[in-house]
Amino acid sequence: MEQRSGLVGYWRRSLQFRTVAITVLVTVAVVGVSGGVLVQRVVDELESARVRSAMAEAAAGRSIARAAAQGSSADATSEEVVTGLVEELSLRAGKPPAFEVVLAPEPGSGNPAASTNLIGPEAIPPELAGEVAATGSQLWLYAPIEYSDGRVQDGIIVGAPVTIRGIGRYQLYHMFSLESVQRTAGIVTSAIVAVGVVLVLALGLLAYFATRRLVRPVQRVAQAADALAAGELDSRLTVRGEDDLAKLASAFNTMAQSLADKIEALEVLSDTQRRFVSDVSHELRTPLTTIRMASDVATERIDPSAADAQRASALLSREIDRFDRLLSDLLEVSRFDAGAAVLETEETDLGILLEEVVGQIGPVAAEKQTPLEVVQPERPCLVDCDPRRVKRVVRNLLVNALEYGGGRTVTLMLECRGADARISVRDRGVGISVDAQERVFERFWRADPSRARTLGGTGLGLAISREDARLHGGDLTLESADPGCSFTLSLPVRD
Ligand code: ADP
């Protein structure tokens, strides 16, 4: 399977990473949403409390302003009256002042304005002034308050019309800063963020340790299963406790044990079968030799004029040869199965080896009236191999090509380049279907069992040839050609 790198790959491979990441993400989402809602509610509550108290304060201020002129001395100027009034109102603001006051005369009246130190009439939002003038009632709005020292703060501005007796109509403004509300909101927000961070860390760690306790044993099972698959049949897990993970470990151990038992039983069985084949082949050798001797004696004594007896004797001798080859092939196969086949390697010129084989096969080709074409490189092709086995493979391939080649030219080609030498045998006969291409290397497999073999194959030829090729570190492969097919024996070349 394709392995992705980076976070995506880690996400796909690590159950632990996924669990911790999901826990952290969900916690962040929950803390974020609920913290946001909480902060919003606190701010809303604080602001509406501030609005209520601002309205009450402004109403009180308005009553004081209405009564103001009564308390001042008769010879006081309008400016002294309004300044005195603003001072009186600002005393109610406390220290530091909870609000600022502006007393603005009706435009065009020529009356004096007055305000607390930090604020001037220009701080009044014109839209509020217009509304207050139009409705004649106490109104408020959220607006930035611009102080004379340049500071600007969000605030609540409450305006109301007021008539100061003996002077004229005014608008009285109270300006409340929302700074303290914002500070409180900030404190609440940082507290919630701090709690959220702690919560996320705590839940992340909890998820990490909890999944580690679960994932570790699962990883151990996976490692043990890998080891088992790689052939370590004694791979087992330690069973701790009685929980589900312990059950998993003990189920794995039971499975591994029964697998090991089965494999051992199969090994014993296949060992017995292999020995049986080998023993039977050996045991049949002696009677076969006796039969051959008896057949030779009988053949000598046959009357040359008795044609039937001559034919029967020839048939007997051919079948004895085939039986002999079959026993040899069976013994060879059981040597491969036992891992007892050994190479007797020597430096070999493959060109010369092929000429020898062609020399032996020549009469068969002639008998089959099949032209045999040999293609070789000019330079000698030297390979470290077991010449007996390589000859056997090539002979086998050539006999098959003559058997199934339909009398058309068979080409034997040697190529010697790069890391391996390739000997291919190509015929132009019936060919082999795609489905059958791997099966031809199976023991006793035949494409058409009803077809009589004229050259007396044993059904083990290609199976043994492939084993021979692989014993050399090479291979024997088959490709379809049109018509016919091509077998290629590749052998590694000495450096
Ligand atoms: P045998 O030839 O003794 O039957 P082999 O192992 O050599 O045994 O071949 C197995 C089968 O593969 C043959 O029976 C035949 O059906 C098929 N086969 C082998 N070589 C060829 C070939 N050159 N063309 C077509 N079929 C082939």
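Just so you know, these numbers come straight off a predicted model, no measurement behind them.

Asks: Any chance you could explain the environment of Ile464 here in plain terms?
Replies: By the element assignment, Ile464 lies in helix 10 (residues 461-471). The class of Ile464 is buried, set by a relative accessible area of 4%. For Ile464 and Pro304, which are 160 residues apart along the polypeptide, the C-alpha to C-alpha distance reads 40 Å. Not counting the four nearest positions on each side in its chain, Ile464 is found in contact with Asp329, Glu332, Val333, Phe336 and Arg392.

Asks: Can you walk me through the sheet that holds strand 7 (residues 372-375) in this structure?
Replies: Hydrogen bonds along the backbone pair up the strands of a sheet, which may run parallel or antiparallel. Here five strands make up an open sheet; going across it, the order is 7-9-10-12-11 and the pairing mixed. Pairing within the sheet leaves two strands with one partner each, and these edge strands are strand 7 and strand 11 (475-480). Mean inter-strand twist for the sheet, computed between neighbouring axes without regard to direction, equals 15 degrees. Examined bridge by bridge, strand 11 and strand 12 (residues 485-492) share six bridges and lie antiparallel to one another. The residue of strand 12 that forms the bridge with Thr477 is Thr488. Set on the sheet, helix 8 (residues 350-367) makes contact with strand 7, strand 9 (410-417), strand 10 (420-426) and strand 12; between it and strand 9 the angle comes to about 170 degrees.

Asks: Explanation requested: a nonpolar patch on the surface in the structure shown.
Replies: Together, Phe276, Val277, Val280, Leu284 and Phe323 line one region of the surface with nonpolar side chains, adding up to about 390 Å² of accessible area. Residue contributions to the nonpolar patch peak at four residues, all from helix 6 (residues 244-301). The topology assignment puts Val280 in helix 6. Classification of Val280 by relative accessible area gives partly exposed; the value is 31%.

Asks: In this structure, what is going on with the environment of Glu355? I would like to understand it.
Replies: Mapped onto the elements of the fold, Glu355 is located in helix 8. Distance in space between the C-alpha atoms of Glu355 and Val374 is 8.8 Å, their sequence separation being 19 residues.

Asks: Teacher, can you tell me more about the nonpolar core here?
Replies: In summary, soluble globular proteins display a tendency toward joint burial of nonpolar side chains. Ranked by size, the top nonpolar core spans 35 residues in total, and within it Leu350, Val390, Ile423 and Phe487 carry the most contacts. Listed by contribution, the elements that provide at least two residues to this core are helix 8, strand 8 (382-385), helix 9 (387-404), strand 9, strand 10, helix 10, strand 11 and strand 12. Apart from the residues within four sequence positions on either side, Val390 is in contact with Leu350, Leu353, Cys385, Ile423, His472, Leu489 and Leu491. Formed by 26 residues, the second largest nonpolar core is a distinct cluster that contains Val81, Leu85, Ile156 and Val181.

Asks: Where do I start with the state of the cysteines in this structure?
Replies: Put plainly, a disulfide is one covalent bond tying together the sulfur atoms of two cysteines. The full count for this structure, using the stated rule, is one disulfide. Free of any disulfide, Cys385 has its nearest cysteine sulfur in Cys381, 9.3 Å distant. For Cys385, a relative accessible area of 0% translates into the label buried.

Asks: Would you explain the pattern of salt bridges in this entry?
Replies: Side chains that differ in sign of charge can pair as their charged atoms come close. Taken as a whole and judged by the stated rule, the model has 28 salt bridges. Among the ionic pairs, Arg417 bridges to Glu415, the shortest N-O distance being 2.6 Å. Among the residues examined, Arg417 registers a relative accessible area of 59% and is labelled exposed. The class of Glu415 is partly exposed, set by a relative accessible area of 22%.

Asks: Would you mind going over the side chain of Thr211 with me for this structure?
Replies: Take Thr211: it is sitting in helix 5 (residues 179-229). A distance of 3.1 Å separates a polar atom in the side chain of Thr211 from the backbone oxygen of Tyr208.

What counts and how
- Residues numbered from 1 in each chain as written.
- Predicted model: local features only at pLDDT ≥ 70, side-chain atom pairs only at ≥ 80, totals over all residues.
- Heavy atoms only, no water.
- Helix = DSSP H or I, 4+ residues; strand = E, 2+ residues; numbered from the N terminus.
- Buried < 20%, exposed > 50% of the residue type's maximum accessible area, 1.4 Å probe, protein only.
- Contact = heavy atoms within 4.5 Å.
- Pairing = 2+ DSSP bridges.
- Axes fitted to C-alpha atoms, helices over the stretch in contact; angles between N-to-C directions.
- Patch = residues over 30% accessible without salt bridge, like charges linked within 9 Å, V, L, I, M, F, W, Y side chains within 5 Å.
- Areas by Shrake-Rupley, 256 points an atom, 1.4 Å probe, with all protein chains shown as cover.
- Salt bridge = Lys/Arg side-chain N within 4 Å of Asp/Glu carboxyl O.
- Core = buried A, V, L, I, M, F, W, Y, C linked by side-chain atoms within 4.5 Å.
- Disulfide = S-S within 2.5 Å.
- Polar contact = N/O pair within 3.5 Å; in protein donor to acceptor, adjacent residues only side chain to side chain.

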